[in-house]
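# Descriptive analysis of the structure
In case you want the letters, here they are:
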Number of protein chains: 2
Amino acid sequence: MDSQKNVPSKPAVKKITRQTAPRLRIIPLGGMEEVGRNMTVFEYDKDIVILDMGIQFPEEDMPGIDYIIPSISYLKGKEKNIRAVIFSHGHLDHIGAAPLLLPKLGFPPVVGRDLTIAMIKKRMEDFEKNSAKRLDIIKIGSVNDRFNFGKFRVGFFNVEHSIVDAVGVIINTPQGTIIHPGDWTMEKNPASGQTLTYHHLSELPRPKILMLESLGATNTSTKSVSEKEMYANLEKLISEARGKVIIGTFASQIKRISHLLEYAKQIGKKVALDGYSMKINVEIARELGYIKDVKETIIPVNSIGKYPDEKIIVICTGAQGEGNAVLSRIVSDDHKFIKIRKNDTIIFSSSVIPGNERTIQRLKDNLYRKCDNVVHNDIMDVHASGHCNSESIKEIIKQIRPDFFLPVYANHYILKEAAKLAGSAGLPEKNIFVLDNGSIIEFHGKEAKVLSKKVDTGYVFVDGLGIGDVGEVVLRDRQALSQDGMFVIITVVDRQLGKVKGSPDIISRGFVYLRESKELLKEVRRKVVAIVDKAANSDGTINPDYVKEEIRNQIGEFLFVKTERRPMVLPVIIEV
Amino acid sequence: MDSQKNVPSKPAVKKITRQTAPRLRIIPLGGMEEVGRNMTVFEYDKDIVILDMGIQFPEEDMPGIDYIIPSISYLKGKEKNIRAVIFSHGHLDHIGAAPLLLPKLGFPPVVGRDLTIAMIKKRMEDFEKNSAKRLDIIKIGSVNDRFNFGKFRVGFFNVEHSIVDAVGVIINTPQGTIIHPGDWTMEKNPASGQTLTYHHLSELPRPKILMLESLGATNTSTKSVSEKEMYANLEKLISEARGKVIIGTFASQIKRISHLLEYAKQIGKKVALDGYSMKINVEIARELGYIKDVKETIIPVNSIGKYPDEKIIVICTGAQGEGNAVLSRIVSDDHKFIKIRKNDTIIFSSSVIPGNERTIQRLKDNLYRKCDNVVHNDIMDVHASGHCNSESIKEIIKQIRPDFFLPVYANHYILKEAAKLAGSAGLPEKNIFVLDNGSIIEFHGKEAKVLSKKVDTGYVFVDGLGIGDVGEVVLRDRQALSQDGMFVIITVVDRQLGKVKGSPDIISRGFVYLRESKELLKEVRRKVVAIVDKAANSDGTINPDYVKEEIRNQIGEFLFVKTERRPMVLPVIIEV
């Protein structure tokens with residue numbers, strides 16, 4: 001290297017070169033196979049830096065689960081090596097697991113911009129009062145800040161995303177420079193007028209390892225809604241509304257909410273915020289100065305009756321059709337203060353989170369019944385996405401010119417498509433890696449290698465107060481119970497006679513409507529008595545395990561023949 | 001009317017005019033609020049004609065339900081008036097309920113084209129052996145056929161849809177002419193080269209009532225895949241494939257399958273069909289002559305090993321990610337004959353049915369792991385939709401120039417958007433009606449009126465052998481069981497002492513992992529004993545209902561405090 005030319009050679013001192021330096025390890029603990037629970041470990045020598053600690057929302061076959069957090073078994077015994085946890089932005093799939101994982105890791109320093117840190121604090125407090133005090137906070141004041149975390153040197157860069165204070169991260173080590181924008185989009189026509197580019201990152205020390213959120217890799221639509229268009233549409237709808245305007249959006253959309261507040265002020269309308277997270281986030285944003293001078297514009301939701309409808313804008317949660325959120329309560333006439341009228345305007349300024357399609361359809365059906373002006377992206381561009389599309393992935397690769405490409409934060413098949421895009425943007429195939437959760441990739445002397453051994457990254461389910469206690473068995477039972485219900489048969493057996501005492505008790509739920517199945521239940525009781533009779537030994541004794549097994553099999557089969565359903569049959573034998 | 005000018009006026013005979021003639025009633029029993037269970041009743045004087053008898057697939061909050069059929073309580077007592085049941089095409093949401101409903105209605109004549117009738121017969125036989133014999137079949141030989149069903153005069157017209165033998169229906173009465181294309185699309189570039197238009201329908205007697213399937217009303221994308229492009233892409237993939245080609249598509253896509261078979265023959269490849277419905281449908285299509293001269297091309301799936309991979313095309317079911325269908329079995333290495341290799345080509349020639357998004361994502365994830373060439377519509381146009389978009393809705397309205405417009409067969413909010421499209425195509429608002437399931441609309445003397453009373457159209461759930469026996473109670477229990485499981489507590493109480501005998505039995509599933517909750521269970525037992533002790537009267541007697549209520553409440557609360565979960569607590573008291 002040029003800088004070394006002037007250094008006179010000193011014999012005895014061992015020079016640290018890429019070849020003699022330790023390997024750099026990158027281990028994604030989540031976010032590589034499905035969307036969510038994003039968390040990545042960077043390890044160099046005895047130092048560890050972590051990026052993000054997110055939650056994942058449960059799939060359909062995980063009933064009763066609140067959310068999923070990353071497994072941190074790889075970090076067991078290495079807690080003292082963790083120099084910092086950097087948070088790229090404040091969305092739950094990036095910060096949600098912090099209150100559960102930070103304490104387990106001994107509260108390593110947390111690094112982030114203002115809003116991100118404020119949201120982590122808030123989530124800590126919600127989880128356990130006064131726990132936010134325990135955070136060791138390092139604020140990113142500007143993208144020019146540089147930190148040394150052990151042997152890692154960390155810097156930042158600006159990115160566009162659907163939440164304020166999102167930041168891209170640069171992690172430099174002797175083995176390479178990791179460039180990680182977090183979640184990002186490439187806004188061609190931002191409301192600010194300043195378009196971000198990433199050419200400056202191409203100057204970073206090589207090898208440059210680009211870890212790129214690639215959720216939009218299969219989005220080949222050339223038309224993406226620009227911020228400017230979106231705001232123009234929203235303003236048109238608001239200014240022309242003859243009734244109330246109700247806008248459902250993500251509570252984390254501080255920038256959009258702020259813009260709407262300013263516009264409302266400008267045209268003399270009042271804004272009521274509703275929904276717990278909406279109110280909390282706006283409060284935080286006001287404290288941080290991200291939302292200013294709107295005291296006169298914001299009114300409490302219980303006072304909207306004091307103004308004429310056409311002066312009112314409601315910004316609220318629930319655009320995903322969540323059962324208890326504001327929009328759902330409004331549409332089911334459960335809201336104390338907000339009643340829909342035909343001439344109101346209801347705007348979904350939001351995208352559809354996969355899995356919520358049908359719930360949102362139902363919400364729309366019900367809103368359309370009560371209101372003539374329901375607007376969503378099918379009708380007009382009233383939401384701009386926070387994620388990139390395939391074109392912008394190619395574009396950012398061309399701007400940064402990385403040596404290695406690791407697509408992240410999406411379903412596996414989407415990561416594979418992102419890898420193809422990188423190939424078409426000119427990267428050699430051998431430098432593109434689609435990792436799994438728990439993959440270990442090592443960088444050493446300009447070479448990269450994925451180890452054959454993987455780290456444990458099994459689901460850690462959070463259900464109520466239980467963290468990780470619900471496993472396969474409990475879930476499988478819940479699935480079975482949901483399909484055909486359960487059927488408990490309690491049989492009291494006289495120990496002396498080896499005979500059933502009285503009539504077996506049956507408790508069944510979710511199987512058939514019991515009142516209309518009396519004949520079926522009678523026949524089951526008869527069969528159970530016969531099973532016990534047959535199983536009794538000559539001295540009257542029975543083998544309860546054998547009898548239970550017989551009841552489970554025979555009654556299970558009988559119920560299936562009669563109904564073609566398979567409830568969970570649970571026999572109980574009580575000997576007296 | 002012109003034709004009446006030449007009729008000399010006869011005094012004594014009462015002339016039937018629109019004013020004196022009976023009203024025409026249209027009653028949709030399904031298909032107007034959600035997608036599926038399509039069925040419409042047309043009633044004029046003492047005559048009834050029915051269009052379609054479909055099933056609806058269950059929503060997420062209907063666990064264990066196989067499917068939903070229309071409620072026919074409106075037809076009770078009117079069975080003898082039913083002159084015909086017309087089936088527009090053979091998809092399950094149009095014919096699926098036939099085996100259940102036709103017997104209940106006394107097997108009225110069924111009307112349809114060849115494939116549709118063959119598919120109904122097949123479904124009847126699957127449901128009950130030899131039941132197809134009981135069908136009274138009237139085949140539509142050509143779209144020029146005309147039938148008198150009571151006072152209804154019924155004719156037909158050609159439509160494009162994603163299944164062979166789809167047909168549009170014209171139902172003429174003195175009060176108006178109903179035009180109903182069934183499901184349809186407007187194919188601008190059909191493989192046949194012949195583009196369908198509907199101008200000829202504008203000549204039908206007025207008032208013309210257009211009932212239009214409007215599923216695509218919110219699809220404003222101008223770019224729709226043409227059949228020609230789709231076939232060109234499929235042929236390119238097949239001819240260039242270096243390994244097997246596996247194509248997942250809908251089993252009812254006879255035309256596409258037929259096209260692929262012909263192409264395979266032409267280039268000397270072999271086709272294995274797999275999946276029950278796929279094989280059945282192709283068999284039916286071959287019997288009807290829709291698929292010809294492919295004896296040499298079709299090979300049984302168990303003989304694909306005899307040919308080199310690059311000579312093999314597999315056409316199979318399971319592109320929706322259904323657990324037991326062929327594609328899922330292939331990807332999980334459960335298929336006896338088909339193993340995926342990296343250089344195979346897997347094509348999803350299908351759309352995503354709403355509700356299946358996540359299942360399909362998982363299937364794709366797994367396929368991408370095993371195969372380098374997975375192609376779906378995000379990647380290349382390999383599926384053409386069978387449904388119209390907003391442009392074609394406006395176009396068909398302009399061609400037919402109806403007097404009344406009734407959008408049908410979609411979610412309510414989509415029907416509302418279709419109504420707006422009709423408005424923008426020039427129809428007066430008062431002649432556009434968005435009905436609900438069970439709405440009654442009457443046509444009389446060029447006027448239309450929706451009655452305030454509705455017909456019962458509640459969900460009729462089919463679950464195993466049970467039709468309509470699963471109701472709200474059973475479903476609510478299934479939902480509750482799936483969330484937090486159940487917790488049965490069996491307490492044996494000594495009648496003499498009013499004391500618990502032994503230790504209460506606990507059976508719990510889907511709540512916590514029992515092996516790791518011994519302490520919790522111990523405490524529950526202790527609490528139950530205390531509850532019984534406290535409740536016992538001085539003479540040792542207890543009130544079992546009171547004790548059960550106490551256990552339910554106190555243990556429910558205790559479990560919630562300990563776990564923040566709410567299992568279904570079911571106490572049993574056995575007095576001995």
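Residues numbered from 1 in each chain as written. Chains lettered and ligands numbered in written order. Predicted model: local features only at pLDDT ≥ 70, side-chain atom pairs only at ≥ 80, totals over all residues. Heavy atoms only, no water.

### Quick notes on unusual backbone geometry
Residue and element names in this part refer to chain A. Here the residue pair Arg-206 and Pro-207 is connected by a cis peptide bond, since its omega of -5° sits within 30 degrees of zero. Assignment of secondary structure puts Pro-207 in the loop between strand 11 (176-180) and strand 12 (208-213). Even without a glycine there, the phi angle at Asp-165 is positive, about 70°. Look at Asp-165 and you get buried, because its relative accessible area is 13%. (Helix = DSSP H or I, 4+ residues; strand = E, 2+ residues; numbered from the N terminus. Buried < 20%, exposed > 50% of the residue type's maximum accessible area, 1.4 Å probe, protein only.)

### Observations regarding the pattern of salt bridges
Residue and element names in this part refer to chain A. Applying the stated rule across the entire model yields 64 salt bridges over all chains. Of the charged contacts, one joins Lys-255 and Glu-227 as a salt bridge, the two residues approaching to 2.9 Å between their closest N and O atoms. One end of the pair, Lys-255, is in helix 5 (residues 254-267); the other, Glu-227, is in helix 4 (residues 227-240), with 28 residues separating them in the sequence. The class of Glu-227 is buried, set by a relative accessible area of 9%. Across the pair Lys-244 and Asp-309 runs a salt bridge whose closest N-O atoms are separated by 3.5 Å. Taken together, the positions of Lys-244 in the loop between helix 4 and strand 13 (245-249) and Asp-309 in the loop between helix 6 (276-287) and strand 15 (312-316) put the pair 65 residues apart, joining distant regions of the chain. With respect to burial, Lys-244 and Asp-309 carry one shared label: buried. Salt bridges sharing partners connect three or more residues here, namely Asp-45, Asp-47, Arg-83 and Lys-151. (Salt bridge = Lys/Arg side-chain N within 4 Å of Asp/Glu carboxyl O.)

### Examining the interface of chain A and chain B
Taken residue by residue, the interface counts 68 residues in chain A and 68 residues in chain B. The tally of links from chain A across to chain B stands at twelve salt bridges. With its nearest N and O atoms 3.1 Å apart, the salt bridge here joins Arg-362 of chain A to Asp-61 of chain B. Counting across the interface, chain A meets chain B through 28 residue pairs in polar contact (both at pLDDT 80 or more). Looking at side-chain class alone, the side of chain A that touches chain B contains 27 nonpolar, 15 polar and 26 charged residues. (Contact = heavy atoms within 4.5 Å. Polar contact = N/O pair within 3.5 Å; in protein donor to acceptor, adjacent residues only side chain to side chain. Nonpolar A, V, L, I, M, F, W, Y, C, P; charged D, E, K, R; others polar.)

### A few points about the environment of Leu-51 of chain B
As for its placement among the helices and strands, Leu-51 of chain B is situated in strand 3 (residues 47-51). Separated by 521 residues in sequence, Leu-51 of chain B and Val-572 of chain B place their C-alpha atoms 51 Å apart.

### Overview of the sheet that holds strand 23 (residues 466-467) of chain B
Residue and element names in this part refer to chain B. In space, the three strands of this open sheet follow the order 4-22-23, with antiparallel pairing throughout. Since the sheet does not close on itself, it has two edges, and those belong to strand 4 (67-69) and strand 23, each with one partner. One ladder, built from two bridges, connects strand 22 (residues 460-463) with strand 23; its direction is antiparallel. Opposite Asp-463, over in strand 23, you have Gly-466 as the bridge partner. (Pairing = 2+ DSSP bridges.)

### Some details on the packing of aromatic side chains
The description of an aromatic ring pair rests on the distance of the ring centres and on the angle between the ring planes. Residues and elements named next belong to chain A. One pass over the full model with this rule turns up 20 aromatic pairs over all chains. Arranged with centres 5.7 Å apart and planes meeting at 90°, the rings of Phe-487 and Phe-511 form a pair that is edge-to-face. Here Phe-511 lies in the loop between strand 25 (505-509) and helix 12 (518-535) and Phe-487 lies in strand 23 (residues 486-494), a separation of 24 residues in the sequence. Across this residue pair, the class does not change: Phe-487 and Phe-511 are buried. (Phe/Tyr/Trp six-rings, centres within 6.5 Å; stacked < 30°, edge-to-face > 60°.)

### A look at the sheet that holds strand 15 (residues 298-299) of chain B
Adjacent strands of a sheet form backbone hydrogen bonds with each other and so pair up, either parallel or antiparallel. Residues and elements named next belong to chain B. Sheet architecture is open: six strands sit in the order 15-14-16-13-17-18, paired in parallel fashion. Every other strand in the sheet has two partners, leaving strand 15 and strand 18 (373-375) as the edge strands with one partner each. Two strands pair when backbone bridges link them, and strand 17 (residues 345-349) and strand 18 are joined in this way by three bridges, in the parallel orientation. Directly across from Thr-345, in strand 18, lies its bridge partner Asn-373. In the packing of helix 6 (residues 276-287) onto the sheet, contacts are made with strand 13 (245-249), strand 14 (270-274), strand 15 and strand 16 (312-316), and the angle to strand 14 comes to roughly 120°. (Axes fitted to C-alpha atoms, helices over the stretch in contact; angles between N-to-C directions.)

### Quick notes on the domain arrangement of chain A
All names here are of chain A. Taken domain by domain, chain A holds domain 1 (24-220 + 386-467), domain 2 (227-375) and domain 3 (485-575). Here domain 1 and domain 2 have C-alpha centroids that lie 31 Å from each other. Taking both partners together, domain 1 and domain 2 bury about 1,300 Å²; carbon and sulfur atoms supply 60% of that area. Where domain 1 touches domain 2, the interface holds one salt bridge. One salt bridge in this structure joins Lys-255 and Glu-160, with 3.8 Å as the shortest N-O distance. Counting every contact that joins domain 1 to domain 2 gives six residue pairs in polar contact (both at pLDDT 80 or more). Looking at the side of domain 1 that touches domain 2 residue by residue, the classes come out as seven nonpolar, three polar and six charged. (Domains from an automatic or database assignment. Buried area = accessible area lost by both parts, 1.4 Å probe.)

### A short note on the environment of His-199 of chain B
Residues and elements named next belong to chain B. Relative to the assigned elements, His-199 resides in the loop between strand 11 (176-180) and strand 12 (208-213). For His-199, a relative accessible area of 46% corresponds to the partly exposed category. Sequence separation between His-199 and Gln-399 is 200 residues; the distance between their C-alpha atoms is 4.8 Å.

### So, the relation of the copies chain A and chain B
The transform that puts chain A on chain B rotates by 180° and translates by 0.0 Å along the axis, for an RMSD of 0.1 Å. Look at the turn and shift together and you get a two-fold axis relating the two. Closest approach to the rotation axis within chain A is made by the C-alpha atom of Ser-482 of chain A, at a distance of 2.4 Å. Both copies contact each other with a shared surface, as 100% of the interface residues of chain A are interface residues in chain B too. (Least-squares fit on C-alpha atoms with pLDDT ≥ 70 in both.)

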